[in-house]
Amino acid sequence: MSDVLNGLRRDLLRALLIALLAALVGLAVNSRLLWRALSGRSLSSGSVAVSEPADMVLPLPVELDEVRELQGTSTLLIDARSREAFAEGHLPGARSLPRGEVTSELPSLQAEVPLDIPLIVYCSGYDCNDSFVLAEQLIAAGYRQVRIFEGGLPEWQAAGLPLEGGQP
């Protein structure tokens, strides 16, 4: 019986040590988030503060329902697909800015669209990375309210929502 109790104590001590080690690793990995929480800074996923350096800001995802709610407001939808794909059909009110043309097209976008305007970037769905890359480039250019509609055009179409452009 004494051996059983000693074995149980040893196992309990090992489990406690593992839990303590896991907690320390978790604190180390999430130290920035913890520091923000303790210092009273916001952790929300809404708009991102302009004071943060561009390399620290990541585009946040947006769901279909929210895209529909924001449509027609000051939010600008940006299609990261090719111009040809855009011409075949795109979300109503969207602007074409192909990922590969951002360098040449960015000056005209910046001249027309203020940096504080919310942007939603989309492309050809979850397996398309163009919207994320373009969103990062827009953030680096000074835009701070950049979000990604990851489901993109396929999710929009699957919901039976109308498109602009294309042939009837």
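Throughout what follows, the structure given in this document is the object of discussion. Keep in mind the model is a prediction, meaning the values are calculated, not measured.

Observations concerning the side chain of Ser96
Residue position: Ser96 is located in strand S3 (residues 95–96). Judged by its relative accessible area of 10%, Ser96 falls in the buried class. Among the polar contacts listed, one links the side chain of Ser96 to the side chain of Arg83, at a separation of 3.1 Å. Setting aside residues no more than four positions away along its own chain, Ser96 makes contact with Asp79, Arg81, Arg83 and Phe86.

With respect to the state of the cysteines
By the definition in use, this model includes one disulfide. Between Cys123 and Cys128 runs a disulfide, and the two sulfur atoms are separated by 2.4 Å. Looking down the S-S bond of the Cys123 and Cys128 bridge, the torsion is -130°, so its handedness is left-handed. Across this residue pair, the class does not change: Cys123 and Cys128 are buried.

Re the sheet that holds S3
Adjacent strands of a sheet form backbone hydrogen bonds with each other and so pair up, either parallel or antiparallel. Ordered by their spatial adjacency, five strands build an open sheet running S1-S5-S4-S2-S3, and the pairing between neighbours is parallel. This sheet does not close on itself; its edge strands, each paired only once, are strand S1 (60–61) and S3.

Here we look at the environment of Tyr126
Note that Tyr126 resides in the loop between strand S4 (119–122) and helix H6 (130–140). Note on Tyr126: relative accessible area 61%, which makes it exposed. Residues Tyr126 and Gly152, 26 residues apart in the sequence, show an inter-C-alpha distance of 7.3 Å. Residue contacts for Tyr126: discarding those within four places in its chain leaves Glu150, Gly151 and Glu155. Engagement of the side chain of Tyr126 in a polar contact is seen with the side chain of Glu155, the distance being 3.3 Å.

A short note on a nonpolar patch on the surface
Where nonpolar side chains cluster on the molecular surface, the patch consists of Met1, Leu5 and Leu8 and spans about 370 Å² of accessible area. Residue placement: Leu8 occurs in helix H1 (residues 2–29).

Overview of the pairing of strand S5 (residues 146–149)
Of the two faces of S5, the one carrying Val146 and Ile148 and the one carrying Arg147 and Phe149 are both buried. Sheet topology note: the S1/S5 ladder contains two bridges and is parallel. If you follow Pro61 over to S5, its bridge partner there is Ile148. Relative to S5, S4 runs parallel, the two being bridged by four bridges. Bridge pairing in S5 places Val121 opposite Ile148. Assessed by its sense of winding, the connection that carries the chain from S4 through H6 to S5 is right-handed.

As for the pattern of salt bridges
Here the idea is simple: oppositely charged side chains can pair when their charged atoms come close. Applying the stated rule across the entire model yields six salt bridges. Linking Glu112 and Arg95 is a salt bridge whose minimum nitrogen-to-oxygen distance equals 2.9 Å. In this pair, Glu112 is assigned in helix H5 (residues 102–112) and Arg95 in strand S3, connecting sequence segments 17 residues apart. For Glu112, a relative accessible area of 53% puts it in the exposed group. Through salt bridges with shared partners, one network takes in Arg83, Glu101 and Glu105.

So, how was this worked out
- Numbers given to residues run from 1 along each chain, matching the order in which its sequence is written.
- A pLDDT threshold of at least 70 governs which residues receive local features in this predicted model, and a stricter bar of 80 or more applies before side-chain atom pairs are shown or counted, although totals over entire chains, interfaces and linings include all residues.
- Only hydrogens and water are set aside; all other atoms, that is, all heavy atoms of the structure, feed into the side-chain values.
- Every helix listed is a DSSP run of H or I at least four residues long, and every strand listed is a run of E at least two residues long, numbered separately from the N terminus.
- Each residue is assigned to one of three classes by its accessible area relative to the maximum for its type, calculated with a 1.4 Å probe on protein chains only: buried under 20%, partly exposed between the two thresholds, exposed over 50%.
- Here a polar contact is taken to be a pair of N or O atoms separated by no more than 3.5 Å, where protein atoms must pair a possible hydrogen donor with a possible acceptor and residues adjacent in sequence count only if both atoms sit in side chains.
- Contacts: residue pairs with any heavy atoms within 4.5 Å of one another.
- By disulfide we mean two sulfur atoms from cysteines, separated by a distance within 2.5 Å.
- In this description, strands pair whenever DSSP reports at least two bridges between them.
- Patches were defined on residues exceeding 30% relative accessible area and lacking a salt bridge, with like-charge contacts within 9 Å and nonpolar side-chain contacts (Val, Leu, Ile, Met, Phe, Trp, Tyr) within 5 Å.
- Computed with the Shrake-Rupley method and a 1.4 Å probe, the accessible areas treat only the protein chains shown as cover for residues.
- When a carboxyl oxygen of Asp or Glu lies within 4 Å of a side-chain nitrogen of Lys or Arg, that pair is called a salt bridge.
- When the strands point away from the viewer and the connection leading from the first strand across the helix to the second strand turns clockwise, the crossover is called right-handed.

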